[in-house]
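# Fold and geometry: a report
Each chain, letter by letter, is given below.
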Amino acid sequence: MTEKYKILGKYIKDMSSETKDIETYLFVKDRIAKYQLGIDISSKPLKNKLIEINTNLKFEDREKSDKKSYFEIIYSTIIRIDEEIKDKKELERIILCDVQIKIYPDLEKSLLDLLHNSGFQGIKFEKKVDFETLYNNKFN
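### A short note on the overall build of the protein
The number of helices and strands found in the protein is 3 helices and 4 strands. Projected onto its principal axes, the C-alpha positions of the protein cover 55 × 30 × 25 Å. Taken over 140 residues, the protein has a buried fraction of 35%. Pairs at least 24 residues apart make up 73% of the contacts formed inside the protein by residues separated by at least 6 positions.

### Quick word on unusual backbone geometry
Unusually for a residue other than glycine, Asn48 sits at a positive phi of about 55°. Checked against the element boundaries, Asn48 lands in the loop between β2 (36–45) and β3 (50–60). Accessibility expressed as a relative area gives 61% for Asn48, which makes it exposed. We note that Lys49 has phi near 65°; this positive angle belongs to a residue other than glycine. Relative to the helices and strands, Lys49 is located in the loop between β2 and β3. Taking relative accessible area as the criterion, Lys49 reaches 26% and is therefore assigned partly exposed.

### Things to note about the pattern of salt bridges
Summed over the entire model, instances satisfying the criterion amount to 12 salt bridges. Where Arg93 meets Glu132, a salt bridge forms, and the shortest distance between an N and an O atom there is 2.7 Å. Of the two residues, Arg93 sits in helix α2 (residues 88–117) while Glu132 sits in helix α3 (residues 131–139), which places them 39 residues apart along the sequence. Owing to a relative accessible area of 30%, Glu132 belongs among the partly exposed residues under this scheme. Residue Asp113 pairs with Lys109 through a salt bridge whose shortest N-O separation is 2.8 Å. With Asp113 and Lys109 both in helix α2 and 4 residues apart, the pair spans about one turn of that helix. Look at Asp113 and you get partly exposed, because its relative accessible area is 32%. The network of salt bridges with shared partners includes Lys13, Lys44 and Glu52.

### Quick notes on the sheet that holds β2
Hydrogen bonds along the backbone pair up the strands of a sheet, which may run parallel or antiparallel. With antiparallel pairing, the 4 strands of this open sheet are ordered in space as β1-β4-β3-β2. Each edge of the open sheet carries a strand with a single partner, namely β1 (5–19) and β2. Direction aside, neighbouring strands of the sheet carry axes that sit 15° apart on average. By the bridge criterion, 10 bridges tie β3 to strand β4 (residues 69–81) in an arrangement that is antiparallel. When the bridges of β4 are listed, Glu52 appears paired with Ile78.

### A few points about the pairing of β3
On a regular strand, each side chain points to the face opposite its neighbour's, so the side chains alternate between the two faces of the sheet. Across the 11 residues that make up β3, a large majority, 9, are buried. When β2 meets β3, the two strands line up antiparallel, connected through 10 bridges. Note on β3: the bridge partner recorded for Pro45 is Ile51. Between β2 and β3, which follow one another and run antiparallel, lie 4 residues, and Asn48 among them has a positive phi close to 55°.

Thresholds applied
Residues numbered from 1 in each chain as written. Predicted model: local features only at pLDDT ≥ 70, side-chain atom pairs only at ≥ 80, totals over all residues. Heavy atoms only, no water. Helix = DSSP H or I, 4+ residues; strand = E, 2+ residues; numbered from the N terminus. Buried < 20%, exposed > 50% of the residue type's maximum accessible area, 1.4 Å probe, protein only. Contact = heavy atoms within 4.5 Å. Salt bridge = Lys/Arg side-chain N within 4 Å of Asp/Glu carboxyl O. Pairing = 2+ DSSP bridges. Axes fitted to C-alpha atoms, helices over the stretch in contact; angles between N-to-C directions.

What follows is the structure, encoded as structure tokens:
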């Protein structure tokens with residue numbers, strides 16, 4: 001199966017790590033295993049069959065607490081879609097599934113590097129995000 005799009009560029013558009021103070025850092029160090037990964041994908045059409053896709057990853061504690069750290073990356077991917085793509089469903093699949101599968105290894109590494117450089121060593125994501133299943137559950 002030939003790809004119906006080409007990735008022209010990808011880069012970290014925004015990256016953030018916030019830990020208020022040492023007490024928060026020590027508290028989070030013990031709780032970080034309870035943090036959850038959230039993903040939000042948005043896209044914006046550009047000229048000449050180009051699309052900007054922004055994949056936003058947040059790694060956060062969803063429980064109520066004053067002591068939290070905050071980690072977020074917005075990863076931007078620029079793609080050109082083939083002329084023959086006219087179907088909205090096919091375009092949604094490319095944006096929400098196909099491109100995400102391609103970029104996710106780089107995105108995950110960037111988020112893990114951010115966490116490690118923020119003082120939280122040894123964190124790994126045991127489960128990989130299954131964009132195929134997420135897409136199928138949302139649209140089927």
